[in-house]
Amino acid sequence: MYEGPIIDGHTHPMLDPAGQIVAVPHPPQAYRAIVSGSQVRRAAAITIAHQDDLARTRARNSAVLRLAEDSGGFFFPVCSVHPADGLSALREIDRVAAAGAAWLKLHPNTQHFDVAGPEVLPVVRAAAARGLPLLFDAYSPWDANQPGKFADLAAAVPEARLILAHAHGPGFPQLLVYDVLARYPGWARNVWIDISVTGPMLAGGPFAEQFAWVLRKVGIDRVVFGSDYPVDDPLAAIRGVAELGFTDAEQAAILHDNAAALLVKEGPPRPGQAEQAR
Ligand SMILES: [Zn+2]
């Protein structure tokens, strides 16, 4: 049993009534009450930007930045822009990066954009230039080609650090492409996998062994824990990591070390360092 500190890399604390995503309100205090006395030491606080509503985007980004400060760093700010907002989105990235944003969140389903759309690349480049990892929702029931689009994006911007939330859901075997890409010296291994929702969903079932096998092929140093609170219960999600059959050392990497490394402001390993990093 892993007994060290845990970083929850994916939560949606409700900061205003419009931010409620499940039947009951889920303010930051509710999350903290659930994890109090647990091994959780830090948690992502995510917001998602709406298109053409810059005042609201700025206000919600400022709210997660404030939450991070008010919580003494327990929550780390995961700000958001809408790629279709163009230059305004890039300016907002500058603003939140300077204000201490940890990561940037983009959600192709909720924000209604195509990962291969021309508006996405400038946002990914701008985030990379400011050392901000990008947390993407990466399960689309409607865009079967989406996994390949993420691989393209990571190859196009090797200095970006992409975190793919939900591990492509039931399409998780698609992640094996990263095992193949890692054999090429030019590949920067700049893709991480957030196992929120999909991990607890598969734990204890017939796919659990396959999911763990695929993640080991990608590399356990690239796997990040998240609960997606309030969609899942954080403590059950933590138990799910052990239930997937990961060793204590693997749990330490998944539940803490890999996210901790993504909270350090620096670029991804350069091509050529891939083999040493593995
Ligand atoms: Zn989420």
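Structural data are supplied above this passage.
So, here is what we can say about the structure in this document. The shown structure was predicted, so the numbers you read here are calculated from the model rather than taken from an experiment.

What counts, and at which threshold
- Throughout, residues of each chain are indexed from 1 in the direction in which the sequence is written.
- Reporting in this predicted model follows two pLDDT cut-offs: at least 70 for local features of residues, and 80 or more for side-chain atom pairs to be given and counted; totals over whole chains, interfaces and linings ignore these cut-offs and use all residues.
- Hydrogens are left out, water is left out, and the side-chain values use all remaining heavy atoms of the structure.
- Note on terminology: a nonpolar core comprises buried Ala, Val, Leu, Ile, Met, Phe, Trp, Tyr and Cys residues joined through side-chain atoms within 4.5 Å.
- For every residue, the accessible area obtained with a 1.4 Å probe (protein chains only) is divided by the maximum for its type, and the residue is called buried under 20%, exposed over 50%, and partly exposed between those limits.
- Any two residues whose heavy atoms approach within 4.5 Å are treated as being in contact.
- Two strands pair under a simple rule: DSSP has to find at least two bridges between them.
- Numbering of helices and strands runs from the N terminus, with a helix taken as a DSSP run of H or I at least four residues long and a strand as a DSSP run of E at least two residues long.
- Seen with its strands pointing away from the viewer, a crossover is right-handed if its path from the first strand over the helix to the second goes clockwise.
- Each metal's donors are the N, O and S atoms within 2.8 Å of it, or within 3.2 Å when it is Na, K or Ca, and because water is not part of the set, sites may look incomplete.
- Note on aromatic pairs: the rings of Phe, Tyr and Trp (six-membered ring only in Trp) are paired at centre separations within 6.5 Å, and the planes decide the class, stacked below 30 degrees, edge-to-face beyond 60, tilted for the rest.
- Salt bridge criterion: a side-chain nitrogen from Lys or Arg within 4 Å of a carboxyl oxygen from Asp or Glu.

1. Quick look at the nonpolar core
Point 1. Membership of the largest hydrophobic core comes to 71 residues, with the highest contact counts inside it found for Leu104 and Phe136.
Point 2. Apart from the residues within four sequence positions on either side, leucine 104 is in contact with Val78, Cys79, Ser80, Val81, Ile93, Val96, Val123, Ala127, Leu132, Pro133, Leu134 and Leu135.
Point 3. Counting residues in each nonpolar core, the second largest holds 15 residues, with Ile48, Ala102, Ile163 and Leu262 among its members.

2. Section: the sheet that holds strand E2 (residues 40-46)
Point 1. Spatially, 8 strands are ordered E1-E2-E3-E4-E5-E6-E7-E8 in an open sheet, and the strand pairing comes out parallel. In this open sheet, the two edge strands, each paired with only one partner strand, are strand E1 (6-8) and strand E8 (223-224).
Point 2. The sheet contact formed by strand E4 (residues 103-106) and strand E5 (residues 134-137) spans 3 bridges and is parallel. When the bridges of E5 are listed, lysine 105 appears paired with leucine 135.

3. Details of the pairing of E2
Point 1. Counting buried residues in E2 gives 5 out of 7 residues, a clear majority hidden from the surface.
Point 2. In terms of strand pairing, E1 meets E2 through 3 bridges, oriented parallel. Within the sheet, the bridge partner assigned to aspartate 8 lies in E2 and is alanine 43.
Point 3. Between the parallel elements E1 and E2, the chain passes through helix H1 (residues 28-35) in a crossover that is right-handed.
Point 4. Bridge count between E2 and strand E3 (residues 75-80): 4 bridges; the pairing is parallel. What sits directly across from alanine 43, in E3, is phenylalanine 75.

4. Notes on the coordination of the zinc ion
Point 1. Only His10 (NE2), His12 (NE2) and Asp228 (OD) from the protein reach the zinc ion as donors, at distances of 2.1 to 2.2 Å.
Point 2. Read N to C, the donor residues that coordinate the zinc ion are spaced as H-x1-H-x215-D. Here the residue histidine 10 occupies a position in the loop between E1 and H1, and aspartate 228 occupies one in the loop between E8 and helix H10 (234-243), the gap between them amounting to 218 residues. Side by side, histidine 10 and aspartate 228 carry an identical accessibility label, which is buried.

5. Here's the deal with the packing of aromatic side chains
Point 1. This model, assessed by the stated rule, comprises 9 aromatic pairs.
Point 2. Seen in terms of ring centroids, phenylalanine 136 and phenylalanine 150 are 5.1 Å apart; in terms of plane orientation they differ by 70°. Their pairing is edge-to-face. With phenylalanine 136 in strand E5 and phenylalanine 150 in helix H6 (residues 146-156), this residue pair connects regions lying 14 residues apart in the sequence.

6. Thoughts on the pattern of salt bridges
Point 1. In total, this model carries 10 salt bridges according to the counting rule given.
Point 2. Notably, a salt bridge pairs arginine 95 with glutamate 92, separated by 2.9 Å at the nearest N-O pair. Taken together, the residues arginine 95 and glutamate 92, both in helix H3 (residues 87-98) and 3 residues apart, mark about one turn of the helix.
Point 3. Among the residues examined, glutamate 92 registers a relative accessible area of 4% and is labelled buried.
Point 4. Across the pair arginine 216 and glutamate 250 runs a salt bridge, and its minimum N-O distance is 2.7 Å.

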